[in-house]
Structures are given as C-alpha cells and as structure tokens.
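Architecture at a glance
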Amino acid sequence: MKFLCACVLAIALFAQGCREAASKQPDVRVVRIVTVLGRLTTPLAEALTKVLPDHFPVRLEVQKTATTNDYIRLLVQGQAELAIVQTDLSYAAFTQGLPDLPGPQQRLRGIAVLYRSPLHLIARRGTGIEALSDLRGKRVFVGSDGNTTELTTRMILQAVGVSVDQRRMPEDNVTQALADGELDAAFIRGNDPSPAVQRVMKAPGVFLVPIRRSEVAEIRTHHPFLRPASTPAHMYGNEAEIETVGTDMLLACRDDLPEELVYWVTRTLFESLPDLAASYSLLRQIDLQQLSASPIPLHPGAARFYRERELFQ
C-alpha cells in the first residue's frame, strides 16, 4: 500500500513538474511587418527569421497592404510592429499628427534610417513646364486624398510658394488623364524602378521634370527632412539622370516593443546589410553613420545597439 501511495505521489509530482516546466516556456510573440511590394521587407523578414528565434521568442509575418497610407496608423494602433515610413511623415505624425491621426502620435519610435525614396514630377510636353515654378496655375495631380504623396507634395509646393490647380484621383487613373490632356503634370513617389512611374511614363508625350538642387535647398529651409535625390539615367526610357527631391525612409516601430527584441532587430538589420543590398540596390546608398539619425526618438533597443557599436568601433 505504501509503495502504491509513493508511486502515485511520484507521478503527481512528476506531472506537476511537467506543468510548471511547460508554464515557464516563453510565449512566442508575433511581429508583423507591413509592406506594399515587399522588395525589402521580405528579405529582411527572412534574415530576421534566421536570427531572432535564438535570442527572442518571435515569429515574423509579412502583411501586404494596398498602399503605404496606413503604415503609421497600423503601428500606433497595435496592428503592426514594424514598417518602413518616410522621415518627413514620421516627424509630422510624432510632433503634430496627420489628417487621419490627429494629435501627436508619440508611441512611434525609430530603429534605423535606410535609403532615400525619390518623388518624380512628370509633365506633358507643350505645357511649358520645365521647373517647379512653371507649375503655377497648372492642373497637377498631387496624390490621392490624404496619401503620403499628397502630404509631401504639399510641403514642396508650399516651400517654393507655388499654387497649382490641385487634382486628386486614384493613382491608376493618372496615366489616362495625362494622355487625355486632363492633367498637365503629376507627382508620383516611388523607389526606382517604380511600377507606378513606369505606368505613368507610358502616357504619350510625357517626360520627367527636374527639381533642381537650388529648389531643393529652398525646400529644405522649411522641411529639412526632404533631401536631394536623383533618378538614374535610362531608368524610365531615354531620360538622362534627373535631379529631384526625396525623403529618407525610416524603419519604425512602437514604443511598447521589448528592448531585447528591437535590439536584435537592429543588430540583424545592420549585420545583414551586405546580403540585403545584393537583392535590393537602394540599400547600397545607406550611410552607416546615419543609421541612427532618426527624426523621432529611437527605441531603447535600437539606441542600445548604436551605443555598443560606437563603443567597440
């Protein structure tokens, strides 16, 4: 009888120990990266998937969205953990809010400043448009209602004091509107080669209009996060290299992500840059000294990585 009781007790203790061991297993956190095309986020997620599980219990998910318009909203409202957003947009959101997110969005945090994304000005021949100043009074597509292109375009036009006949429509309709003479010009944002720019450049008689360095300097006195950029020669047909304006892109997150998680995200990004640049050419322009130059506060995990990097350089 005593032997039986001892066996029952041993089994009970063993079962309890198993339950306690199971209860101590860390929860696997899902980290969602939102993207439209996934040209960078997909290889970045693959790199993170190889490294993160050894240091932080996490599962990466790449979530496709139709546009970039909702990235910041998805971050601050807890529907995504990582996104690559414009620096000008992140600064505006953090300090004052956006049209669809009124009030300072101070849950946003920066991880790393990446590549520069250009804004392309496309005009119809015969309209007399050769520079930004020539847009005055012209019919110009500035973006779809409240999207990221519209916000940047407004900054540019306000900075140079040019008032246009602003036209809004779905971006898919711009090519036909230019072809039909309903538009004189259009602002299209996209990383080269941009599918959207390629589509609009199919309209007959259109060309890329340069935004000169002198104009960019004037813009920067009002909006310092807008910077000189260029479109490589022959990127969209027989065009020569075109000067334009662009905005740096920021890998951003939310303030409640664990420090250890963001530390390893930042470290993995940094250590994977050579491989990532091989698959996404824009990353070759990254200035490693500017990775930490976020326009909004760095997440503590990212800040910790940059402090360590400075210490051991």
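Cut-offs used in this document
- Residues numbered from 1 in each chain as written.
- Predicted model: local features only at pLDDT ≥ 70, side-chain atom pairs only at ≥ 80, totals over all residues.
- Heavy atoms only, no water.
- Helix = DSSP H or I, 4+ residues; strand = E, 2+ residues; numbered from the N terminus.
- Buried < 20%, exposed > 50% of the residue type's maximum accessible area, 1.4 Å probe, protein only.
- Contact = heavy atoms within 4.5 Å.
- Areas by Shrake-Rupley, 256 points an atom, 1.4 Å probe, with all protein chains shown as cover.
- Phe/Tyr/Trp six-rings, centres within 6.5 Å; stacked < 30°, edge-to-face > 60°.
- Lys NZ or Arg CZ within 6 Å of the ring centre and 35° of its normal.
- Salt bridge = Lys/Arg side-chain N within 4 Å of Asp/Glu carboxyl O.
- pLDDT = per-residue confidence, 0-100.
- Polar contact = N/O pair within 3.5 Å; in protein donor to acceptor, adjacent residues only side chain to side chain.

All right, on to the overall build of the protein then. When helices and strands are tallied, the protein shows ten helices and twelve strands. With the C-alpha coordinates of the protein rotated into their principal frame, the extents come out at 105 × 45 × 40 Å. Burial analysis of the protein (313 residues in total) assigns 50% to the buried set. Contacts in the protein between residues at least 24 apart in sequence constitute 76% of all its contacts with a sequence separation of at least 6. Just so you have it, the protein exposes about 15100 Å², and 52% of that area is on carbon and sulfur atoms.

This part takes up the packing of aromatic side chains. Under the counting rule described, the total for this entry stands at six aromatic pairs. On the numbers, 5.3 Å between centres and 90 degrees between planes, the contact of Tyr263 with Trp264 is edge-to-face. By relative accessible area, Tyr263 is classed as buried at 3%. Here Trp264 falls in the buried class, since its relative accessible area comes to 10%. Ring geometry for Phe270 against Phe305: centres 5.5 Å apart, planes inclined by 55 degrees, an arrangement best described as tilted. Taken as a pair, Phe270 in helix H9 (residues 259-279) and Phe305 in helix H10 (residues 300-312) lie far apart in primary sequence, 35 residues in all. Residue classification places Phe270 among the partly exposed residues on the basis of a relative accessible area of 23%. Using a relative accessible area of 6% as the deciding quantity, one classes Phe305 as buried. The rings of Tyr263, Trp264, Phe270, Phe305 and Tyr306 are connected pair by pair, giving a single aromatic cluster. Over the ring of Tyr263 we find Arg304; its NZ or CZ atom is 3.9 Å from the centre of that ring.

Burial analysis of helix H4 (residues 87-95) places seven of its nine residues in the buried class, which makes it a mostly covered element. When H4 is considered as a whole, its buried residues turn out to be Thr87, Asp88, Leu89, Ser90, Ala92, Ala93 and Phe94. Looking one or two residues beyond H4, the residue adopting positive phi is Gly97, at roughly 100 degrees.

This part is about the pattern of salt bridges. Scanning the model with the defined rule gives 20 salt bridges in all. Across the salt bridge formed by Glu81 and Arg32, the nearest N and O atoms sit 2.6 Å from each other. One end of the pair, Glu81, is in the loop between helix H3 (71-76) and strand E3 (83-86); the other, Arg32, is in strand E1 (residues 29-35), and 49 residues separate them in sequence. A residue is classified by how much of its surface remains accessible, and Arg32, at 21% relative accessible area, is partly exposed.

Turning to the confidence of the model for the protein, a few remarks are in order. Should the pLDDT be low somewhere, the predicted coordinates at that spot are not to be read in detail. On average, the protein scores 88 in pLDDT, and the residues at 70 or more come to 90%. Summarising per-element confidence for the protein, the mean pLDDT is lowest in helix H1 (residues 2-23) (45) and highest in strand E7 (residues 139-141) (98). Residue range residues 20-26 is modelled with pLDDT below 50. Its contacts to residues more than four positions away, or to other chains, number one contact.

Below, the discussion takes up the environment of Val216. Note on placement: Val216 falls in helix H8 (residues 213-220). Judged by relative accessible area, Val216 falls into the buried class, the value being 1%. Separated by 70 residues in the primary sequence, Val216 and Ile286 place their C-alpha atoms 20 Å from one another. Ignoring sequence-local partners within four residues, the contact set of Val216 consists of Ile211, Arg227, Pro228, Thr244 and Val245.

Across the junction of Asp192 and Pro193, the peptide omega takes the value -5 degrees, indicating a cis bond. Mapped onto the secondary structure, Pro193 falls in the loop between strand E9 (185-189) and helix H7 (195-200). Despite not being glycine, His234 shows a phi value in the positive range, around 65 degrees. Mapped onto the secondary structure, His234 falls in the loop between strand E11 (226-231) and strand E12 (242-254).

What follows concerns the environment of Ser230. Following the sequence through the fold, Ser230 ends up in strand E11. Relative accessible area serves as the criterion here: at 28%, Ser230 is assigned to the partly exposed category. If near-sequence neighbours (up to four positions away) are discounted, Ser230 is found in contact with Asp192, Arg213, Glu241, Ile242, Glu243 and Thr244. Only 3.2 Å separates the side chain of Ser230 from the side chain of Glu241, close enough to count as a polar contact.

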